[in-house]
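Structural characterization, general
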Amino acid sequence: MSLLKTTESRILACIQNDLWARFVTLQNHNRIWTLTVTNKGVRKPDEQAHKTPLVMVHGFGGGVGLWIRNLDALSHSRPVYAFDLLGFGRSSRPPFPSDAAKAEEQFVNSIEQWRQSVGLENMILLGHSLGGYLATSYAIQYPSRVSHLILVDPWGFPERPKPQIQEGQRSEVVKRPSPPRWVKAIAAIVSLFNPLAVIRAAGPWGPGLVNRFRPDFKRKFEDLFDDNTMTQYIYHCNAQTPSGEVGFRAMSESLGWAKRPMLQRVHLLPPSMPLTMLYGEQSWVDSSSGDKVVQIRSPAHTRVLLINAASHHVYADQPGEFNKVVENICKSVK
């Protein structure tokens, strides 16, 4: 954990705006590592303080450091909060139940307790991947707290397709975009261990393993760091005692599918709640789920946008376009 703290501090040193980093203690005594970024150049700080804040929720195996390309730009006109999900990064790592619904509830309850502890009345809630799934679940349970829901390449929406049998054929396998090599590699072990057990089992070779399977993380941030800072950050985020990944494993059939697909529940969002779904054009996450959400909900309050030349980590692949789109969404909220 001390190595994670040191690596993260190198990343956060890139932030130009005012940064407040601290642990937020929940009612159940768990602690959530939290960043608040505000524009130090704003002439009237009170005006920014009264604007609805943007809250950013990272994906599986991630942490607040992954938003380093976005925090300054998005805090230009309003406060931005980012936190490590319960069980990930520097946040507390409690046990998670093996039941999918109970594990999901533990995540969502921690987000609500965090909101209460920080004192936010409402927020623009943005979630990436697993964070998008949990943000949607949170918005269903606490709709009055969410002014606009932004889902970035969200995990866990589609139902796992069943093989279709046609006359004259034995079976026909349903095709979907092939996940990248690193997803397949982790999927091969997920049924036997917690998803990131291989990183911990590798011991001192763990950082090299991350570099080998995720060289893209180094490339995405190479203009900020000319060393292995970002891959070391990913390693140290996931070399800790498994907790959040235990909850994720409980919620998933495999890395690609959720036991409780969100498409089955997205109709429970208030029809008037604005929802924007952002997908990377080159992502392994199928954007057709977004089109289905538009059909399920009111099209007047649901938008699906594709970010060109972006993969799953849209915010890091095309930070300029991502920040522009999110900032325009934020401008629509007071």
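Everything discussed here concerns the structure shown above.
Cut-offs used in this document
Residues numbered from 1 in each chain as written. Predicted model: local features only at pLDDT ≥ 70, side-chain atom pairs only at ≥ 80, totals over all residues. Heavy atoms only, no water. Pairing = 2+ DSSP bridges. Helix = DSSP H or I, 4+ residues; strand = E, 2+ residues; numbered from the N terminus. Axes fitted to C-alpha atoms, helices over the stretch in contact; angles between N-to-C directions. Contact = heavy atoms within 4.5 Å. Left-handed = near helix turned anticlockwise from the far one by under 90°. Nonpolar A, V, L, I, M, F, W, Y, C, P; charged D, E, K, R; others polar. Expected span 1.5 Å × (residues − 1). Buried < 20%, exposed > 50% of the residue type's maximum accessible area, 1.4 Å probe, protein only.

1. Some points on the sheet that holds strand 3 (residues 54–57)
The strand order across the open sheet built from 8 strands is 1-2-4-3-5-6-9-10, with neighbouring strands paired in mixed fashion. Of all strands in the sheet, those with a lone pairing partner are strand 1 (18–25) and strand 10 (302–307), marking the two edges. When strand polarity is set aside, the average angle formed by the axes of neighbouring strands in this sheet is 20°. As judged from the 4 bridges shared by strand 3 and strand 5 (residues 123–128), these two strands associate in the parallel manner. Its bridge partner being in strand 5, Met56 is matched across the sheet by Leu126. Contacting strand 1, strand 2 (31–38), strand 3, strand 4 (80–83) and strand 5, helix 4 (residues 100–118) runs over the sheet at an angle of about 120° to strand 1.

2. Some thoughts on the packing of helix 1 (residues 2–12) against helix 10 (residues 229–238)
Where helix 1 meets helix 10, the axes come as close as 9 Å, and the angle between the chain directions of the two elements is 145°. The element helix 1 and its partner helix 10 pack so that their crossing is left-handed. Across from Leu3, Leu4, Thr7, Glu8, Arg10 and Ile11 in helix 1, the residues of helix 10 making contact are Thr229, Met230, Gln232, Tyr233, His236 and Cys237. The class makeup of the residues in the contact of helix 1 with helix 10 is 6 nonpolar, 4 polar and 2 charged.

3. Topic: the environment of Leu126
Mapped onto the elements of the fold, Leu126 is located in strand 5. Distance from Leu126 to Val326, taken between C-alpha atoms, is 9.0 Å for residues 200 residues apart in sequence. Apart from residues no more than four positions distant in its own chain, Leu126 is found in contact with Leu54, Val55, Met56, Val57, Trp67, Ile150, Val152, Phe322 and Val326.

4. Focus on helix 5 (residues 130–141)
Helix length check: helix 5 (12 residues) gives 17 Å between terminal C-alpha atoms against 16 Å at 1.5 Å per residue, within 8%. The element helix 5 is extensively covered by neighbouring structure, given that 11 of its 12 residues are classed as buried. Turning to helix 5, its buried residues number three or more, namely Leu130, Gly131, Gly132, Tyr133, Leu134, Ala135, Thr136, Ser137, Tyr138, Ala139 and Ile140. Looking at the packing, one finds that the buried side of helix 5 touches strand 3, helix 4, strand 5, strand 6 (146–152), helix 11 (244–251) and strand 8 (257–258).

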